[in-house]
Protein chains: 2
Amino acid sequence: MATLKDISEELGLSPATVSRALNGFPEVNAKTRDKVQAAAQRLGYRPNRTAQRLVTGRSGMVGMIVKIRPDLSADQTFVEILTGLTAALAARDTDLVLAVDQDPDPVAAYRKMLERDILDGFILNAPVPQDPRVDFLTQQGVPFVMHGQCRKDADYPFYSIDNQSVTAEAVGLLTALGHKRIALLNGDLDHAYSADRLAGFAAAMRQANLRVPGAFMVAEAPSENYGYSHALAMLAGQHGPAPTAFICASTLIAAGVMQAAADRGMSIPGDVSVVAHDDALPLTRAINFSPALTVTRAPLRDACTPLANMLIDHINGAEARDLQTLLRAEMIVRGSTGPAPKDGEQPWL
Amino acid sequence: MATLKDISEELGLSPATVSRALNGFPEVNAKTRDKVQAAAQRLGYRPNRTAQRLVTGRSGMVGMIVKIRPDLSADQTFVEILTGLTAALAARDTDLVLAVDQDPDPVAAYRKMLERDILDGFILNAPVPQDPRVDFLTQQGVPFVMHGQCRKDADYPFYSIDNQSVTAEAVGLLTALGHKRIALLNGDLDHAYSADRLAGFAAAMRQANLRVPGAFMVAEAPSENYGYSHALAMLAGQHGPAPTAFICASTLIAAGVMQAAADRGMSIPGDVSVVAHDDALPLTRAINFSPALTVTRAPLRDACTPLANMLIDHINGAEARDLQTLLRAEMIVRGSTGPAPKDGEQPWL
DNA sequence: CTGAAAGCGCTTACAG
DNA sequence: CTGAAAGCGCTTACAG
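The residue numbers shown here count from 1 along each chain, following its written sequence. As they are written, the chains are lettered A onward and the ligands numbered 1 onward, keeping that order. Predicted model: local features are reported for residues with pLDDT of at least 70 only, side-chain atom pairs are reported and counted for 80 or more only, and whole-chain, interface and lining totals are derived from all residues.

Peer 1: Teacher, can you tell me more about the packing of helix α10 (residues 224-235) of chain B against helix α11 (residues 251-263) of chain B here?
Peer 2: A packed helix pair is summarised by two numbers, namely the angle formed by the two axes and the spacing between the axes. Residues and elements named next belong to chain B. The N-to-C vectors of α10 and α11 enclose an angle of 40°; their axes lie 7 Å apart at closest approach. By the angle between their axes, α10 is oblique relative to α11. Judged by the twist between their axes, the crossing of α10 over α11 is right-handed. Between α10, through E224, N225, Y226, G227, Y228, A231, L232 and L235, and α11, the contact on the second element is made entirely by L252, I253, A254, A255, G256, V257, Q259, A260, A261 and D263. Think of it as three bins: nonpolar holds Ala, Val, Leu, Ile, Met, Phe, Trp, Tyr, Cys and Pro, charged holds Asp, Glu, Lys and Arg, and polar takes everything else, Gly as well. Residue classes in the contact of α10 with α11 are distributed as 12 nonpolar, 4 polar and 2 charged. Note on method: axes are straight lines fitted to C-alpha atoms, helices fitted across the in-contact stretch only, with angles between N-to-C directions ranging 0 to 180 degrees. Put simply, DSSP marks the helices as runs of H or I at least four residues long and the strands as runs of E at least two long, and each gets a number from the N terminus on. Comment on the angle field: the value is read as roughly parallel under 35 degrees, roughly antiparallel over 145, roughly perpendicular from 65 to 115, and oblique elsewhere. Take the far helix as the reference: if the near one is turned anticlockwise from it by less than a right angle, the crossing is left-handed, and if turned clockwise, right-handed. Each residue gets a C-beta atom placed from its backbone, and two residues are in contact if those atoms lie within 7 Å.

Peer 1: Explain the protein's contact with DNA strand D to me, please; I cannot follow it from the model alone.
Peer 2: In the region of DNA strand D, 24 residues are neighbours, and A16 of chain A together with L4, A16, S19 and N48 of chain B sit closest. Of all the elements in the fold, those that place two or more residues in the surface near DNA strand D are α2 (15-22) and α4 (49-56) of chain A together with α2 (15-22) and α4 (49-56) of chain B. In terms of residue count, α4 of chain B provides more of the surface near DNA strand D than any other element does, 5 residues in total. The residue makeup of the surface near DNA strand D, split by class, is 12 nonpolar, 10 polar and 2 charged. In this entry, near means the residue's backbone-placed C-beta atom lies within 6 Å of the molecule or strand.

Peer 1: Would you mind going over the relation of the copies chain B and chain A with me for this structure?
Peer 2: A rotation about some axis, followed by a shift along it, carries one copy of the chain onto the other. Copy-to-copy superposition: least squares on the C-alpha atoms, limited to residues that have pLDDT of at least 70 in both copies. When chain B is fitted to chain A, the residual RMSD is 0.1 Å, and the transformation amounts to a turn of 180° plus an axial shift of 0.0 Å. One copy is carried onto the other by what is essentially a two-fold rotation axis. Closest to the rotation axis within chain B is the C-alpha of V97 of chain B, separated from it by 2.5 Å. When the interface residues of chain B are mapped onto chain A, 100% of them are again interface residues, pointing to one common binding face.

Peer 1: Mind showing me how you'd approach the nonpolar core here?
Peer 2: Inside soluble globular proteins, nonpolar side chains tend to come together where they are buried. Within the largest apolar cluster, 174 residues are counted, with the highest numbers of intra-cluster contacts made by V257 and V274 of chain A together with V257 and V274 of chain B. Structurally, a nonpolar core is described as a collection of buried Ala, Val, Leu, Ile, Met, Phe, Trp, Tyr and Cys residues joined by way of C-beta atoms within 7 Å. Each residue is classified by how many other C-beta atoms fall within 10 Å of its C-beta atom, where C-beta atoms are placed from the backbone; a count of 20 or more means buried, 12 or fewer means exposed, and values in between mean partly exposed. In this structure, I7, L13, V36 and A39 of chain A belong to the second largest nonpolar core, which totals 8 residues.

Peer 1: Would you mind showing me how to read the protein's contact with DNA strand C here?
Peer 2: As a structural note, the neighbourhood of DNA strand C is formed by 24 residues, with L4, A16, S19 and N48 of chain A together with A16 of chain B the closest of them. Tallying contributions element by element places α4 of chain A first for the surface near DNA strand C, with 5 residues. For the surface near DNA strand C, the class distribution of residues is 12 nonpolar, 10 polar and 2 charged.

Peer 1: For this particular structure, what's the right way to read unusual backbone geometry?
Peer 2: Trans is the prevailing form of peptide bonds, just as negative phi is the prevailing case for residues other than glycine. Residues and elements named next belong to chain A. The peptide bond linking S290 to P291 adopts the cis configuration, its omega dihedral lying at -5°. Relative to the helices and strands, P291 resides in the loop between β9 (273-278) and β10 (294-297). Not every positive phi belongs to a glycine, and N209 is a case in point at roughly 60°. In this structure N209 comes out as exposed when scored by C-beta crowding, with 9 C-beta atoms within 10 Å.

Peer 1: What is the right way to look at the interface of chain B and chain A in this model?
Peer 2: Think of interface size as the accessible area that goes away when the parts come together; that is how it is often given. Taken together, the 31 residues of chain B in the interface contact 32 residues of chain A. A per-element tally of the side of chain B that touches chain A places helix α5 (residues 72-91) of chain B first, with 8 residues. Of the residues belonging to the side of chain B that touches chain A, the class tally is 16 nonpolar, 6 polar and 9 charged.

Below, the structure written as C-alpha cells:
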C-alpha cells in the first residue's frame, strides 16, 4: 500500500505538502496539487485511516445499539433505518459500528461499547419517555443524535416528526368529515412517539368536545393481528357503540382493521373510515391497500441523511440547538376516509 | 484519558515495561506486573485502540454486508445472526462494521467498504451457488469466513450445516414411516442452501425408488402464505394424488402447511406428516406448534461464536483448511410425523 | 527482567 | 507556497 512518503519521494516533495495537496488546503500551488493528485492516483494511494484517526483524535466511527424485540415490525423499521443510515454515513466517510443490546439495563450496552472503542458519537433510536440514555451520554460527554423525541426541553440534536400533530391532524380530518366516534389503535406506550400520539389524540378530541372511552384507545406492539382483533371487538359493539373511524399507528394495524371491517360486511369508507400513520416501509405500501389508505406520511428513510449529517456536524462542533428538526407529517387523503355514516353521528357519552 | 506514559511516569518505569505488563508478557516480574495493573486500574487506563491498530497493522474491525430483501423472514434471521455475531466478536475485541447492500453488482459493496476502511476481514452470509464474492475477496487477499457453503472445493473457512443431509434425513424418516408421496416446499433457489436441499431431497428419493413430479417440488421465499397456498392446492389434488407428507424449508412454511391441512379437515399426523427445517428463530418455535413439529434443527445462533472465532483465527494466521466445519442438522422427532395413512401407500408414477 | 529507540502513517503548528 | 520537526499512543526488536 502506497503511503504519503511514497508519493513525496516519487515527487521530491515533503510529506507535509503532499498531505496538504491531498486534503485540499488552499495555500498549495495548483500545479503541485495536480502533480500530487496524479501521483496518488497512479500509485493507488489510499490514506491510512488509522493513522489519520490517531493524529486527529477522531475515530471516524459512530455507534448504534439496537434493542432486540421479538417483534417483526420492529425488524422491518430497523432494516429500513440501517439501509439509509449506512449509506448516509459512508458519504461522510464514517462507519457505523453496530451492537445488539440484550441487557435489561438501558445504558449497559453503551457503556460497554465506549469502553471497547473510541467512538465519535452515537445514533439513538426508539426513544422511550425520559430516555435514560440521554443523561448517560450527556454525562459522558459523548455526542449523539436522537431519532425521535423524548422530552420537551431537549438540548441535544434530534430529528423527529411531531407525533402529537400526527394524531391531531387525523382527528381534524375525521371530525371535519362528521365523525364523532373515533378509536385510536396506538403502538405500545413504551415508545415516546406512542405517548405523544396518545397526547395529541386526546387533546384534539377534547378540543372537538368529543369523549373517548378508554376501551377505544388501545396500545400494543403493531401487528396485523392486533389491529384485526381489536377492531373486530369494537365493531361488534362489545365496548359500546362502534366507532365510525379508526386512527392506526401503522399501516400494519390498518390492514387488520380493514380485514375486520370486511369480515363484518362493512364497507370502507362507507361504514368505517381508516387513517394510519405511514413510515413508508417497503412491505406495507399504503397505496396498495383497497381502498388506498389515507395516511399521515413520514418516510423513515427520509430521516437517515439528516440524522447522519446532524451527528457529524455536531461532532465537528455545531451547536445542539441548531441541530433540532421537528417535522409535521404530511397528510395524504386517499380512499379509506369519507363522511361519517348517517347512523353514526351520535358521540360517545 | 490516561496513557501508557502516564502510568510509566507514575511508577518510574518505561512505557515498554508497562506495555508488556499490561499485555501479559511472561518475562515481566510478578511484582512489577501487579504494580502496573494497580496503577492502570487507579488511573482508569484504557489502551488507545487506534494507536494499537496503527502499530500492529490491524484494524480490529470486520465487515459484514447484508443484502436487502423485501422479505420479512430474511430480516428475522438477519437480526438473529447480528445478535450472536456482535456478542461473539466483542468477546474478541473486534467490532462489526455493517453496510446494507443495494447494488445489483454482488461485489460492489465489498469493494466500496474496502476502499473506505482497513478491515481485517469479512463475514459472508447468504451464499449463492458459485458465490462471486469468494473470488473477489480471495483475489483481494482479504480474509473471510462464510456462513454456509457455496462450492465443494472450498479453500476458505466456512461454517455450515450439511444441507443435503437436512432433506435426506427427512426423507429417510418419512420413508421409514411408509410414506411414498413426499412433497418438498423449498426456499428460493437463489440460496446455495436451497439448491443443496433440493439435491439432497432428489437423491434420497431416487435412492428410495420414489418419483416426485415437478409440481411437488416448489421453491419460493419462505412465508406462511406460500406454505399455505401450495399445500392447499396439493392436498386438493390439483396436481395429481395428494402428498402424504411435506418437507418444509422453514417452520414458517410448515405453519402454512398445517393451516392448509386443518382447512381441509385433515389431521396431523393422521392424514399428513410434516417435517421442517428449524433455524430456531424466536418467533416460530417449532415446539409450540400443534402438534409439535418434527424438525431438522440447527440453531442459527449456534453458528455465531464459531464464525467469529474462525474468522479471527484465520486473520491471525490459522489455515483455512483447518477452519471448515460442516455439521449435520439434528433430527428431532415430535408429533407432526407419523405412519403414512393406509390409503396413501401408492407412489407417484 | 527492564529500558532506550525506532517506527506505524499521518497532521499541523512553526519557520522561512 | 513549501519543508523540517514534533507528535498522536502504542509495540517490539535490540541491548544490556
